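# Residue-level structure breakdown
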Amino acid sequence: MDSNKYLSSLEYFLNKMQSSDDTFTAEVQDAIKDLCEILRIGAVKTMFQSNHYGPHVDPSTIYYFYKHELFSEENSIEFRYATLTDNTAVYVIFPLKGQSEWTEEEKHRIKSICDMLFIFNGRTRMIELSRRLAFYDPEFKVYNLKFFHRFLASLIKDGSIYEYYTLNFNLKQLNMINSRIGRNNCTKVMIRYIELINSKLTEKEALCRLGGDNFAAVIKAEHFPDISELLLGTTVDTSDICEESVRMSASAGLYKISEQPRTALTSGEIMDRTHIAMQKAKLSAKAQIVEFDQELFEMQKRASAINSAFDDALAKEEFLVVYQPKVSLMNYTISGAEALCRWIHDNQVVSPGLFIPILEQSNDICKLDFYMLRKVCSDLRRWIDNDIPPVRISVNLSRMHLKNPMLVSQICSIVDEFSIPHDLIELELTETINPVEFKELQKAINGLRKNGFATSVDDFGTGYSSLNLIKEIPWNVLKLDKSLLPACGSENVWQDRILFKYIVAMAKEMGLECVAEGVETMEQLQLLSENNCEMAQGFFFDKPMNVKDFEDKLRDRVYTI
Ligand code: C2E
Ligand code: MG
Ligand code: MG
């Protein structure tokens with residue numbers, strides 16, 4: 001045996017092993033070939049044997065580093081190593097057919113090669129394991145955000161990103177599924193749903209868990225129909241998990257990179273845009289998958305400007321209360337008013353339609369509602385102290401408050417701070433269809449009623465208008481949305497009139513006061529009187545007005561029509 005040739009081949013082999021992440025690459029195989037020829041080796045086979053289940057060999061681990069067509073099954077030598085996972089790694093070295101027996105020196109060298117293979121194999125497994133730990137979500141067995149960014153970056157680098165769509169999705173109705181089948185089962189069903197989506201992806205696509213029930217995917221444009229079908233809703237096979245069948249679906253943001261102009265994009269920008277679309281989808285009652293577009297981008301910019309200005313604006317008291325009277329149709333006097341918010345920002349009045357939906361995406365809306373309640377209480381205190389006879393004032397409460405278990409006691413403490421009789425305060429909340437929220441709403445309204453506050457269902461008729469909502473929750477007032485008022489010129493005016501008549505009759509029979517919102521015309525007013533709707537709020541009487549004008553109204557309470 002030529003020692004020099006052996007040493008240079010060994011060096012070459014070690015170099016290739018060292019520069020490779022994996023022991024099984026073509027380069028390594030090529031490098032081992034020279035060594036095998038020098039040492040008259042016919043084949044090098046490796047496999048892992050389980051120590052737990054006796055001499056069981058996992059067939060997936062059988063691998064030939066080198067295999068000459070003339071290798072002999074006889075006179076092979078075997079080296080065994082204990083692995084860190086308590087298994088045994090076995091290396092079997094077969095001679096070439098018809099060769100004379102290996103010398104002791106050759107055997108020694110062959111063993112050294114096996115030692116090295118074992119060490120490098122171990123290194124490969126460690127690299128794989130550390131990748132798994134760094135880039136995988138162990139619970140859902142999909143990639144994590146870190147990997148996702150890397151994957152996107154690699155697609156950007158090789159220019160193939162323009163063949164892709166990205167998705168950011170959030171699983172829907174998990175609260176409801178949790179309460180139906182329990183948390184553990186719900187997690188199992190989520191994992192199965194994600195597995196189903198993941199199984200549709202190819203190696204050139206990726207799905208990752210961002211955390212909780214938020215996921216992101218980068219998929220080839222042509223695969224979108226398959227994936228969207230699952231996102232829109234599919235029944236997951238739960239036969240081995242629970243008795244109920246479970247339908248899973250998601251709200252998703254979609255960014256069609258393949259349809260964008262080819263400008264430079266970073267993975268962060270792609271993720272942000274997809275996320276913006278997902279937030280829109282989550283809030284949307286209609287679209288379950290929302291596509292990112294420029295308009296959405298501008299909206300998001302405005303939203304982030306509002307969010308960042310909010311705390312400062314609250315501290316500077318830039319928010320004003322305006323009051324819109326509610327008029328009793330028995331005697332045309334003020335019988336209450338709604339407190340509505342206006343933001344005076346940079347010398348301009350910002351209407352609530354522009355900032356309330358944005359503040360509702362975080363807890364900021366709760367801060368604003370409490371601020372409004374405090375301002376209303378302070379106004380009521382002043383009226384009482386100055387002998388201006390007060391009326392009941394209603395304050396809007398966002399549904400975001402329902403998550404707050406201290407809601408009722410916090411409202412009590414604000415109102416009591418100003419020593420305002422509780423029956424002068426009414427709290428307006430909108431409807432919900434979510435059963436968990438329904439329970440929370442029921443609890444909040446019960447608590448408010450017990451403490452002597454009045455409560456009203458706001459905008460009844462715009463949402464789900466569920467009869468359960470008014471049957472099972474002890475409201476005082478039903479506020480009929482302006483869309484329920486029959487508009488003159490409408491094609492279905494007589495059907496609208498019937499609907500209006502029976503909703504009012506039903507509400508009254510259930511002991512609720514009825515307030516019609518958005519009353520603008522004499523004709524509408526007559527309709528309210530005909531149907532015994534006792535109160536009206538709308539531009540026909542007054543637009544929302546500043547506190548000074550409202551105080552004048554409180555002094556001179558009667559409207560002449
Ligand atoms: P809302 O609680 O249903 O308030 C009634 C809205 O209808 C007010 O709009 C009012 O100006 C408008 N309106 C009253 N009469 C008429 C009418 O005859 N015709 C028409 N076309 N509109 C009329 P505004 O003040 O712009 O408030 C919009 C919404 O913003 C409110 O609807 C409420 O949901 C929300 N909002 C306002 N202030 C607050 C607040 O302090 N907290 C919370 N959480 N939401 C608020
Ligand atoms: Mg309201
Ligand atoms: Mg309303």
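Residues numbered from 1 in each chain as written. Chains lettered and ligands numbered in written order. Predicted model: local features only at pLDDT ≥ 70, side-chain atom pairs only at ≥ 80, totals over all residues. Heavy atoms only, no water.

### Topic: the overall build of the protein chain
Regarding its fold elements, the protein chain presents 17 helices and 23 strands. For the protein chain, the C-alpha radius of gyration of 36 Å lies well beyond 24 Å, the compact-globule estimate for 561 residues. Overall, the C-alpha framework of the protein chain stretches about 120 × 55 × 50 Å when taken along its three principal axes. Out of the 561 residues belonging to the protein chain, those deemed buried represent 47%. Carbon and sulfur atoms form 51% of the exposed surface of the protein chain, whose accessible area is close to 29000 Å². (Helix = DSSP H or I, 4+ residues; strand = E, 2+ residues; numbered from the N terminus. Rg over C-alpha atoms; globule rule 2.2 N^0.38 Å. Buried < 20%, exposed > 50% of the residue type's maximum accessible area, 1.4 Å probe, protein only. Areas by Shrake-Rupley, 256 points an atom, 1.4 Å probe, with all protein chains shown as cover.)

### Quick look at the coordination of the magnesium ion (ligand 3)
Those donors, Asp458 (OD), Asp459 (OD), Glu517 (OE) and Glu517 (OE), are the protein atoms that reach the magnesium ion (ligand 3), and they lie 2.0 to 2.6 Å from it. Each donor residue of the magnesium ion (ligand 3) lies on the same chain, and together they follow the pattern D-D-x57-E. In this structure, the magnesium ion (ligand 3) lies 3.8 Å away from the magnesium ion (ligand 2), the two metals sharing Asp458 as a donor. Asp459 sits in the partly exposed class, given a relative accessible area of 25%. (Donors = N, O, S within 2.8 Å, 3.2 Å for Na, K, Ca; no water.)

### What to know about the side chain of Glu106
Here Glu106 is to be found in helix H3 (residues 104-135). Of note is the side chain of Glu106, whose polar atom sits 2.9 Å from the backbone nitrogen of Thr103. (Polar contact = N/O pair within 3.5 Å; in protein donor to acceptor, adjacent residues only side chain to side chain.)

### Some words on the nonpolar core
Phe319, Leu368, Ile393, Ile411, Ile425, Trp475 and Phe550 are the most contacted members of the largest nonpolar core, which has 83 residues in total. For this core, the element with the highest residue contribution is helix H11 (residues 364-385), accounting for 11 residues. (Core = buried A, V, L, I, M, F, W, Y, C linked by side-chain atoms within 4.5 Å.)

### Describing a nonpolar patch on the surface
Residues Leu84, Met126, Leu129 and Leu133 make up a contiguous nonpolar surface patch of about 500 Å² in total accessible area. Its place among the elements puts Met126 in helix H3. (Patch = residues over 30% accessible without salt bridge, like charges linked within 9 Å, V, L, I, M, F, W, Y side chains within 5 Å. Salt bridge = Lys/Arg side-chain N within 4 Å of Asp/Glu carboxyl O.)

### Thoughts on the coordination of the magnesium ion (ligand 2)
Donor atoms from the polypeptide that coordinate the magnesium ion (ligand 2) comprise Glu338 (OE), Asn396 (OD1), Glu428 (OE) and Asp458 (OD), at 2.0 to 2.2 Å from the metal. Counting along the primary sequence, the residues that act as donors to the magnesium ion (ligand 2) give the motif E-x57-N-x31-E-x29-D.

### With respect to the packing of helix H9 (residues 294-315) against H11
Running from amino to carboxyl end, H9 crosses H11 at an angle of 25°, the nearest separation of the two axes being 11 Å. In terms of their interaxial angle, H9 and H11 are classed as roughly parallel. Handedness of the crossing formed by H9 with H11: left-handed. Of H11, the residues touching H9 (which contributes Asn307, Phe310, Asp311 and Leu314) are Asp364, Lys367, Leu368 and Tyr371. Residues belonging to the contact of H9 with H11 are distributed by class as follows: 4 nonpolar, 1 polar and 3 charged. (Axes fitted to C-alpha atoms, helices over the stretch in contact; angles between N-to-C directions. Parallel < 35°, antiparallel > 145°, perpendicular 65-115°, else oblique. Left-handed = near helix turned anticlockwise from the far one by under 90°. Contact = heavy atoms within 4.5 Å. Nonpolar A, V, L, I, M, F, W, Y, C, P; charged D, E, K, R; others polar.)

### Let's talk about the site of ligand 1
Taken together, 23 residues lie near ligand 1, and Glu338, Asp369, Asp459, Glu520 and Phe539 sit nearest. Between Arg342 and ligand 1, the recorded distance is 2.9 Å, taken from a side-chain N or O atom to an oxygen atom. Here Asp369 contributes a side-chain N or O atom positioned 2.7 Å from a nitrogen atom of ligand 1. Expressed as a share of its isolated accessible area of 790 Å², the protein-covered part of ligand 1 is 81%. The set of elements that each furnish at least two residues to the shell around ligand 1 consists of strand E16 (333-345), helix H10 (352-359), H11 and strand E20 (454-460). (Near = heavy atom within 4 Å.)

### Concerning the domain arrangement of the protein chain
It is common to give the size of an interface as the accessible area lost on bringing the parts into contact. Structurally, the protein chain comprises domain 1 (3-135), domain 2 (138-292) and domain 3 (303-555). Spacing between the C-alpha centres of domain 1 and domain 3 amounts to 78 Å. (Domains from an automatic or database assignment.)

### What about helix H17 (residues 547-555)?
Residues of H17 that are buried include every one of Phe550, Glu551 and Leu554, and no others. The buried residues of H17 all sit within an arc of 105° when viewed along its axis, so they share a single face. Every exposed residue of H17 that faces more than 90 degrees away from the buried side is listed here: Lys548 and Arg555. Packing partners of the buried residues in H17 comprise strand E15 (319-328), E16, H11 and strand E18 (392-396). Measuring from the backbone nitrogen of Lys548 back to the side-chain oxygen at the start of H17 gives 3.2 Å, which picks out Asn546 as the cap. (Arc of directions from axis to C-beta.)

### Quick look at the packing of aromatic side chains
Scanning the model with the defined rule gives 25 aromatic pairs in all. When the centroid spacing of 5.6 Å and the interplanar angle of 50° are considered together, the rings of Phe310 and Phe319 count as tilted. Exposure class is identical for Phe310 and Phe319. Each is buried. Seen in terms of ring centroids, Phe319 and Tyr371 are 6.2 Å apart; in terms of plane orientation they differ by 75°. Their pairing is edge-to-face. (Phe/Tyr/Trp six-rings, centres within 6.5 Å; stacked < 30°, edge-to-face > 60°.)

### Focus on unusual backbone geometry
Its identity is not glycine, yet Gln173 carries a phi of approximately 55°, on the positive side. Mapped onto the fold, Gln173 is located in the loop between strand E8 (164-171) and helix H5 (174-181). Phi is positive for Asp346, which is not a glycine, with a value near 50°. Within the secondary structure, Asp346 is located in the loop between E16 and strand E17 (348-350).

### Considerations on the sheet that holds strand E14 (residues 289-291)
Think of a sheet as strands paired side by side through backbone hydrogen bonds, with each pair either parallel or antiparallel. Spatially, E6-E7-E9-E10-E8-E13-E14 is the arrangement adopted by the 7 strands of the open sheet, whose pairing is mixed. Single-partner strands in this sheet number two, and they are strand E6 (136-137) and E14. The sheet contact formed by E6 and strand E7 (residues 142-144) spans 2 bridges and is antiparallel. Across the sheet, Asp137 pairs through a bridge with Val142, a residue of E7. Each of E7, E8, strand E9 (206-211), strand E10 (214-220) and strand E13 (250-255) is contacted by helix H6 (residues 183-198), which is oriented at about 170° to E8, the strand it contacts most. (Pairing = 2+ DSSP bridges.)

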